[in-house]
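# What the coordinates show
So the chains spell out like this:
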Amino acid sequence: MNILAFVKRVPDTESRIRIPQGSATIAEDGLNFVVSPYDEYAVEEALRIREAKGGVIRVVSVGKDEAVTVLRKCLAMGADEALLVKDEAPETYDGLRTARIIARVVERRFAGTDLLLFGKQSVGADNGQVPAMVAELLGLPQATVVTKLEVEAGSATAFREIEGGTEKVLLSLPAVVTAQKGLNEPRYETLKGIMAAKKKEIPVVKLDELGFGTDDLAPAIAVTGLDVPAARQAGKILQGDPAETARELVRLLRDEAKVI
Amino acid sequence: MIAVYLETRDGKIKKSSFEALAEAGRRAAELGVGTAAVLVGGAVAELAPGAFAYGASKVYVLENELLADYSTQGYALALATLVAEIRPEALFFPATAMGRDLAPRVAARLGVGLASDCVKIAVKDGDLVFTRPIYAGKAVLAFTLKTRPRLATLRPNIFPLGEAKAAAAGGEVVRKDVGIPDGAIKGRVAEVIREESGEIDVTEADVVVSGGRGLKGPDAFALIRDLVAVFPRAAVGASRSAVDSGWIGHQHQVGQTGKTVSPDLYIAAGISGAIQHLAGISSSKFIVAVNKDPEAPIFKIADYGIVGDLFEVLPKLTDELKKALAD
């Protein structure tokens, strides 16, 4: 089984987001960057499939040089190989642009891949667009927001989360699958894994080496504003006897908020 | 025109699709164009009157027996073919499990950009300006799309539904033949497994009551469920720590690595309010917090707070709400 897992370097979820005046991107200084949490589930799932069926796991990240750190973490978790697709552009928030890059990489470098695993969305841009776009560009079936995956030779059964239930999706391979929390519990890197990952070379491919010209990847999105939302104000705090505070709260919800 | 894909489940059009249709109607009126709805499935033409009631003047019906069960590829093919023919200004989808799965596929097929999970759409200088939260609501991005048609998914529970028109409201039904070539569908939904409880999802509920570490264990979710049961369209939510402790399933998790919710009323019980949780509830209309610790961060953003022991407060609150809602 040839598996590709795609990972993105993002600020950890504890981060407080700051936006410099007039900027279309967030301030990155002082932030702690990690593998996007949903992408970790994708990598873990790849490891479990390899343990059961054998095969090779390659992890790919599109981004600046710093993205090497998240690739190295995936190698330490147990992935076999990594590739950085170097993209110097600032965050465009445009899923189609990233999807075009990834589809091209898969076509040119990873023919014969059986399974393409992604996180259901990056934590940050929160688009959740790229995997389905890659699937379409490559003509592959997809299952998104998957909490359980069973892989056989040439086919897979994916269970995807929907409102109030689960959809069982039958896929022929190759296919695109995106990971939701609940799919698995990602392992920690071992010291041995970390040491081995340090020795591995991570090749870099540039966009022009993939045949993209400077105008080929113009974003479809034109940002007109990026702001931190107005903070919610603290409201009324009730203290005292539970029965009385509960009664007062209900009165406020009905008469003041008019929400019940 | 602005066209809207209407999601059908169990032979009904979902509320979030009507919300998208109502918003399309408002923006189309500003742009001076019409509003159309699109139904896709095995046999869905009979659902068209519902679309007229929420403002569509035209309903496109794309039927094929191969579309009876949802498949991303089949539905994307049908929609992209229609869009190439009717060339709408924009195509909206509800940002539901299905809409989020389908819209990017249609966008890639058409080679256009997609505005995901929008919470606001405005008309400025004859163009649509989309607003969406990023970093789970810690920042807000506004943008236009340079490609046509503009594709967008609209977050449920945000856009007002408006009043449904009388049953007599009619319009034009346009049936389109959808050809699905052999082998075009390589993945399909074989089965939909409903949660036995029949609970609605936190993203669709009008009221969400969430429990956190302060519940001290799984059993106290009974208090949460009692409170949920008071409201007609309410759901049980949870903080990450309650989910990671194994007290409740991850599908209930609200916050940055869970679901972002926008109910009319969000009640947080025993949740201190980590930044990831606060981000996920920030688009709620009213937030109520019940917590023992008066210094808990949740009180800084709650509209109403009760400082007290949730084991005492929640049963009283349930009783009082029952009385109030019975009036």
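Residues numbered from 1 in each chain as written. Chains lettered and ligands numbered in written order. Predicted model: local features only at pLDDT ≥ 70, side-chain atom pairs only at ≥ 80, totals over all residues.

## So, unusual backbone geometry
The peptide bond linking Leu173 of chain A to Pro174 of chain A adopts the cis configuration, its omega dihedral lying at 0°. For Pro174 of chain A, the location among the structural elements is in the loop between β9 (165-172) and β10 (175-179). One non-glycine residue, Val145 of chain A, adopts positive backbone phi at about 55°. Examined against the element boundaries, Val145 of chain A turns out to sit in strand β7 (residues 142-152). A positive phi angle, near 50°, is found at Tyr135 of chain B, a position not held by glycine. With respect to the helices and strands, Tyr135 of chain B occurs in the loop between β9 (127-134) and β10 (139-145). Judged by the 22 C-beta atoms lying within 10 Å of it, Tyr135 of chain B is buried. (Helix = DSSP H or I, 4+ residues; strand = E, 2+ residues; numbered from the N terminus. Buried ≥ 20, exposed ≤ 12 C-beta atoms within 10 Å, placed from the backbone.)

## Brief notes about the interface of chain B and chain A
Residue-level contacts link 77 residues of chain B with 73 residues of chain A. Looking at the side of chain B that touches chain A, its residues break down into 37 nonpolar, 18 polar and 22 charged. Two strands pair when backbone bridges link them, and β9 of chain A and strand β13 (residues 187-194) of chain B are joined in this way by seven bridges, in the antiparallel orientation. Paired with Val169 of chain A across the two strands is Val189 of chain B, which belongs to β13 of chain B. (Contact = placed C-beta atoms within 7 Å. Nonpolar A, V, L, I, M, F, W, Y, C, P; charged D, E, K, R; others polar. Pairing = 2+ DSSP bridges.)

## Considerations on helix α3 (residues 72-86) of chain B
Residues and elements named next belong to chain B. The end-to-end C-alpha distance of α3 is 21 Å, a good match for the 21 Å that 15 residues give at a rise of 1.5 Å each. For α3, the buried fraction is high: eleven of the 15 residues fall into the buried class. Phi for Arg87, located one or two positions after α3, is positive at around 45°. (Expected span 1.5 Å × (residues − 1).)

## Remarks on the domain arrangement of chain A
Domain boundaries in chain A define domain 1 (2-210) and domain 2 (230-260). Inter-centroid distance (C-alpha atoms) of domain 1 of chain A to domain 2 of chain A is 44 Å. (Domains from an automatic or database assignment.)

## Here's the deal with the sheet that holds strand β4 (residues 35-41) of chain B
Residues and elements named next belong to chain B. If you trace the seven strands from one edge of the open sheet to the other, you get β7-β11-β6-β1-β4-β5-β12, paired in parallel fashion. Of all strands in the sheet, those with a lone pairing partner are β7 (114-118) and β12 (172-177), marking the two edges. With strand direction ignored, the average angle separating the axes of adjacent strands in the sheet is 25°. Here six bridges tie β4 to strand β5 (residues 58-63), and the two strands are oriented parallel to one another. Looking at the pairing, Val38 lines up with Tyr60 of β5. On the sheet, helix α1 (residues 15-31) packs against β1 (2-6), β4, β6 (90-94) and β11 (150-154) and is oriented at approximately 175° with respect to β1. (Axes fitted to C-alpha atoms, helices over the stretch in contact; angles between N-to-C directions.)

## Remarks on the nonpolar core
Considering soluble globular proteins, one finds that nonpolar side chains tend to be buried as a cluster. Membership of the largest hydrophobic core comes to 199 residues, with the highest contact counts inside it found for Ala5 and Cys74 of chain A together with Val38 of chain B. With residues near it in sequence (within four places) discarded, Cys74 of chain A still touches Ala5, Val7, Val35, Val43, Val59, Ala79 and Ala82 of chain A. (Core = buried A, V, L, I, M, F, W, Y, C linked by C-beta atoms within 7 Å.)

## Observations concerning the sheet that holds strand β4 (residues 56-63) of chain A
Strand order in the open sheet formed by ten strands is β11(A)-β5(A)-β4(A)-β1(A)-β6(A)-β10(A)-β7(A)-β8(A)-β9(A)-β13(B), with mixed pairing between adjacent strands. Two strands in the sheet have a free side with no partner beyond their single neighbour: β11 (204-206) of chain A together with β13 of chain B. Within this sheet the neighbouring strands show an average axis-to-axis angle of 30°, counted without direction. Against the sheet, helix α1 (residues 37-53) of chain A touches β1 (2-6), β4, β6 (115-119), β7 and β10 of chain A, its axis set at about 150° to β6 of chain A. Packing against the sheet, helix α4 (residues 130-138) of chain A makes contact with β6, β7 and β10 of chain A, and its axis sits at approximately 65° to β7 of chain A.

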